[in-house]
Amino acid sequence: MQRSSQRLNTSTSQLVLALETSCDETAVAVLRDRKLLASEVASQIAEHEKFGGVVPEVASRNHLVHAPRLLERALRDAETDIKQIDAFAATNGPGLASSLMIGASIAKGLAIGFGKPYLAINHLEGHLLSPFFGERIEPNVSLVVSGGHTMTVFVRGVADYQIIGRTVDDAAGEAFDKIAKLLGLGYPGGPEIEKHAANDDGSHFDLPRSMPDSENFSFSGLKTAVRYLLPKLKGDYLADVCASVQAAIVDVLVSKTIAAAKKHDVDLVTMSGGVSCNRKLRKRMTEACKQHGLELKTAEPWLCTDNAAMIAFAAILKLQTGLSSSVTEEIDPNLALAI
Ligand code: KG4
Ligand code: ZN
């Protein structure tokens, strides 16, 4: 990201078009300042479900099919002509290389073609800022919890991030997905496990809560524990296992987030990413924050899973401070949020 050499209009209204194609969702959004004019998401769940996970080449081919259609629809919903767009943004990492390339190439092509700035946005920053969608960013400790990442971050302001803890193996969403697969449930696994856990308190099986004294997370031990547990079970155990898995993951996410907030002496906790859709997690985090005198701000459920509105929001925050990216900036599948 660089101070733009092009003259950016930072005072009046600005219109941003963003693409998100980091994994298996193709998404396009149009944002005027803080107001969302259009947000289109094409899910590829049906295409990947039969493989029990995302197949990169299938994902990128589908992005190519979906993106032009969504682009047209987003512009129509926003009642905007493409010539009126002030800047084009895309997720440039982290994610699947062949998927990232599609969205970034389209945004770069449009930026070059229409002579407008290009903004390369970190997918994690999109999630991280999404609880503030349309609002001013306040300092906070943030739990970003998705299929590919689990981290706590001290957010001082836009582009001022310090990672507190991160997973040393599987992400929480990945743990939900892999355990769901062991249980013969569909993909993505998080919503499936939540559904089967609905009427169970989660106390039946005492599953591991790894690394209790660390700021980092580890979920692969939980997956292994479930793998060894399943052959020993008889009868209808699905609800008990799902609820116990959910309880173990939620316990760890809540306790480490609260500890991080205390350590960094913030008043506000935020939570985003696909796993933050989970109702048990939202309930437990709400209770824990209340108990510790912390305010909690969560991304709305439609903003938790992958979408382009959060990418457009991060882009406009940067654009308004005069930042843009070079069209020579490459995608980075391992792009870090901060050191
Ligand atoms: O943020 P996201 O859409 O994509 C990534 O950036 O990874 O997150 C997807 C992840 C998947 O692992 C999915 O199982 C999980 O979020 N997820 C959930 C729920 N909804 C989605 N996990 C637990 N409970 C849910 N309700
Ligand atoms: Zn995501």
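All values derive from a computational prediction rather than experimental measurement.

Moving on to the overall build of the chain. Secondary structure summary: the chain contains 11 helices and 12 strands in total. Scaling as 2.2 N^0.38, a compact globule of 339 residues should have a C-alpha radius of gyration of about 20 Å, and the chain matches this with 20 Å. Projected onto the principal axes, the alpha-carbon positions of the chain cover approximately 65 × 45 × 30 Å. For the chain, the proportion of its 339 residues judged to be buried stands at 54%. Relative to all contacts within the chain whose residues are 6 or more apart in sequence, the contacts with residues 24 or more apart total 74%. Taken as a whole, the chain presents about 14700 Å² of accessible surface, with 51% of it coming from carbon and sulfur. Side-chain charges in the chain split into 35 positive and 40 negative, and the spacing between the mean points of these groups amounts to 1 Å.

What follows is about the sheet that holds strand β6 (residues 118-122). One open sheet holds the 5 strands; their spatial order is β4-β3-β2-β5-β6, and the pairing between them is mixed. Looking at which strands have only one partner, the edges of the open sheet turn out to be β4 (35-43) and β6. For this sheet the average axis-to-axis angle between neighbouring strands, irrespective of direction, equals 20°. As defined by bridge partners, strand β2 (residues 15-20) adjoins strand β5 (residues 87-93) across 4 bridges and the pair is classed as parallel. Pairing of L17 across the sheet is with F88, part of β5.

This part is about the site of ligand 1. As a structural note, the neighbourhood of ligand 1 is formed by 21 residues, with G147, D177, G190, E194 and G274 the closest of them. One of the backbone N or O atoms of G148 is found 3.2 Å from an oxygen atom in ligand 1. Separating an oxygen atom of ligand 1 from a side-chain N or O atom of D177 is a distance of 2.7 Å. Across the complex, the protein chains shield 89% of the 560 Å² of accessible surface that ligand 1 would expose by itself. Those elements giving two or more residues to the shell around ligand 1 turn out to be α4 (123-129), α5 (172-182) and α6 (189-197). Of all the elements, α6 adds the most residues to the shell around ligand 1, at 4 residues.

So, on to the sheet that holds strand β9 (residues 160-166). If you trace the 5 strands from one edge of the open sheet to the other, you get β9-β8-β7-β10-β11, paired in mixed fashion. Looking along the sheet, the strands with just one partner apiece sit at the ends: β9 and β11 (295-298). Mean inter-strand twist for the sheet, computed between neighbouring axes without regard to direction, equals 25°. Note: strand β8 (residues 150-157) against β9, 6 bridges, orientation antiparallel. What sits directly across from T152, in β9, is G165. Contacting β7 (140-145), β8, β9 and β10 (268-272), helix α8 (residues 238-263) crosses the sheet at an angle of about 155° to β7.

Attention now goes to the coordination of the zinc ion (ligand 2). Summarising the metal site, the zinc ion (ligand 2) is bound by the protein donors H123 (NE2), H127 (NE2) and D306 (OD), whose distances to it range over 2.0 to 2.1 Å. What the 4 donor atoms of the zinc ion (ligand 2) show is an angle range of 96 to 137° at the metal, which sorts the shape as irregular. In primary-sequence terms, the residues that donate to the zinc ion (ligand 2) follow H-x3-H-x178-D. Taken together, the residues span about one helical turn, with H123 and H127 both in helix α4 at a distance of 4 residues. Taken individually, H123 and H127 each receive the classification buried, so the pair is uniform in this respect.

Quick look at the domain arrangement of the chain now. Domain parsing of the chain yields domain 1 (5-130 + 304-325) and domain 2 (138-298). Domain 1 and domain 2 are separated by 28 Å when their C-alpha centres are compared. Counting from both sides, the interface comprises 18 residues of domain 1 and, opposite them, 20 residues of domain 2. For the pair domain 1 and domain 2, the summed buried area comes to about 1500 Å², and 72% of that belongs to carbon and sulfur atoms. For the domain 1 face of the interface with domain 2, the top three residues by lost area are L124, L128 and C304, together amounting to 40%. For the interface between domain 1 and domain 2, the tally reads 0 salt bridges. Scanning the region where domain 1 abuts domain 2 turns up 3 residue pairs in polar contact (both at pLDDT 80 or more). Elements that contribute at least two residues to the side of domain 1 that touches domain 2 include exactly α1 (45-49), α4 and α11 (309-319). Sorting elements by how many residues they give to the side of domain 1 that touches domain 2 places α4 first, with 5 residues. Taken together, the residues that form the side of domain 1 that touches domain 2 break down as 9 nonpolar, 5 polar and 4 charged.

Core analysis: the biggest nonpolar cluster contains 45 residues, and V245, I249, L253 and L281 have the highest contact counts within it. Of all the secondary structure elements, the ones that give two or more residues to this core are β7, α5, α6, α7 (220-229), α8, β10 and α9 (279-291). In terms of residue count, α8 provides more of this core than any other element does, 13 residues in total. Each residue touching L281, except ones within four places of it in the same chain, is listed here: V145, V250, L253, V254, M271, V275 and S276. If you look at the next biggest cluster of nonpolar residues, it comprises 38 residues, including I137, V153, C304 and A315.

Calculation rules
Residues numbered from 1 in each chain as written. Chains lettered and ligands numbered in written order. Predicted model: local features only at pLDDT ≥ 70, side-chain atom pairs only at ≥ 80, totals over all residues. Heavy atoms only, no water. Helix = DSSP H or I, 4+ residues; strand = E, 2+ residues; numbered from the N terminus. Rg over C-alpha atoms; globule rule 2.2 N^0.38 Å. Buried < 20%, exposed > 50% of the residue type's maximum accessible area, 1.4 Å probe, protein only. Contact = heavy atoms within 4.5 Å. Areas by Shrake-Rupley, 256 points an atom, 1.4 Å probe, with all protein chains shown as cover. Lys, Arg positive; Asp, Glu negative; His and termini not counted. Charge placed at Lys NZ, Arg CZ, Asp CG, Glu CD. Pairing = 2+ DSSP bridges. Axes fitted to C-alpha atoms, helices over the stretch in contact; angles between N-to-C directions. Near = heavy atom within 4 Å. Polar contact = N/O pair within 3.5 Å; in protein donor to acceptor, adjacent residues only side chain to side chain. Donors = N, O, S within 2.8 Å, 3.2 Å for Na, K, Ca; no water. Tetrahedral: all angles 85-135°; square planar, octahedral: opposite > 155°, others 65-115°. Domains from an automatic or database assignment. Buried area = accessible area lost by both parts, 1.4 Å probe. Salt bridge = Lys/Arg side-chain N within 4 Å of Asp/Glu carboxyl O. Nonpolar A, V, L, I, M, F, W, Y, C, P; charged D, E, K, R; others polar. Core = buried A, V, L, I, M, F, W, Y, C linked by side-chain atoms within 4.5 Å.

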